[in-house]
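Letter by letter, the chains look like this.
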Amino acid sequence: MRFDESLSGPDADAMEAMARRSMESLPPEFREQMGNVVLRVEEYADAESLKAVGLTHPMELSGLYTGRPIGEKSISDPSDLPDMIHLYRQPILAEAADLGISIEKLVHHVLIHEVGHHFGLSDDDMHALEDEAD
């Protein structure tokens, strides 16, 4: 797929509703720690976000957590910006089509991955947990 092609599918509001359902499925002790996290659905990651994670093409990134993980927060080091989970609509649509899975299933997977970053888990930690669960 070329970058300039837009995939049809659920709009940003519908994708956000999917992500919110996934957040509601978290155990209560996790949901309680998610209260101040902002959820945003955007078409693509911007150049600055891509650069921050070492990527160059917007279709390479389906989600991103920005903020300070819970274990690193300090009352003496307040942040002006809220923690955020970004879901990137077009890459999610393309990846779901490529993998032959439902968009909702992929939104759930991406959201849970970014929630893991909020709790301080690394990508390697999350992959290990996923492997154990399979």
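Thresholds, definitions, all that
Residues numbered from 1 in each chain as written. Predicted model: local features only at pLDDT ≥ 70, side-chain atom pairs only at ≥ 80, totals over all residues. Heavy atoms only, no water. pLDDT = per-residue confidence, 0-100. Helix = DSSP H or I, 4+ residues; strand = E, 2+ residues; numbered from the N terminus. Core = buried A, V, L, I, M, F, W, Y, C linked by side-chain atoms within 4.5 Å. Buried < 20%, exposed > 50% of the residue type's maximum accessible area, 1.4 Å probe, protein only. Contact = heavy atoms within 4.5 Å. Expected span 1.5 Å × (residues − 1). Arc of directions from axis to C-beta. Polar contact = N/O pair within 3.5 Å; in protein donor to acceptor, adjacent residues only side chain to side chain.

### Some thoughts on the confidence of the model for the protein chain
Phase 1 of the analysis: Residues with a pLDDT of 70 or more make up 85% of the protein chain, whose mean pLDDT is 86.
Phase 2 of the analysis: When mean pLDDT is compared element by element in the protein chain, strand β3 (residues 84-88) scores highest at 97, while helix α6 (residues 123-133) scores lowest at 69.

### Here we look at the nonpolar core
Phase 1 of the analysis: One finds Met34, Leu39, Ile85, Leu87, Val107 and Leu111 to be the most contacted residues of the largest nonpolar core, which totals 20 residues.
Phase 2 of the analysis: Secondary structure elements with two or more residues in this core: α1 (12-24), β1 (38-42), β3, α4 (89-99) and α5 (103-118).
Phase 3 of the analysis: The element contributing the most residues to this core is α5, with 5 residues.
Phase 4 of the analysis: When sequence neighbours within four positions are dropped, the list of residues in contact with Leu111 reads Ala19, Ser22, Met23, Leu39, Ile85 and Leu87.
Phase 5 of the analysis: In this structure, Leu50, Leu61, Leu64 and Tyr88 belong to the second largest nonpolar core, which totals 5 residues.

### Some points on α1
Phase 1 of the analysis: Relative to the 18 Å expected for 13 residues at 1.5 Å per residue, α1 spans 18 Å between its end C-alpha atoms, a close match to the ideal helical length.
Phase 2 of the analysis: Considered for burial, the residues of α1 that qualify are Met15, Met18, Ala19, Ser22 and Met23. On an axial view of α1, the arc spanned by its buried residues comes to 145°, and they lie on one face. Exposed residues on α1 whose side chains face more than 90 degrees from its buried face are Asp13 and Glu24.
Phase 3 of the analysis: The inward-facing, buried residues of α1 abut α2 (28-31), β1, β3, α4 and α5.
Phase 4 of the analysis: Looking at where α1 begins, the residue whose side-chain oxygen comes 3.2 Å from the main-chain nitrogen of Asp13 is Asp11.

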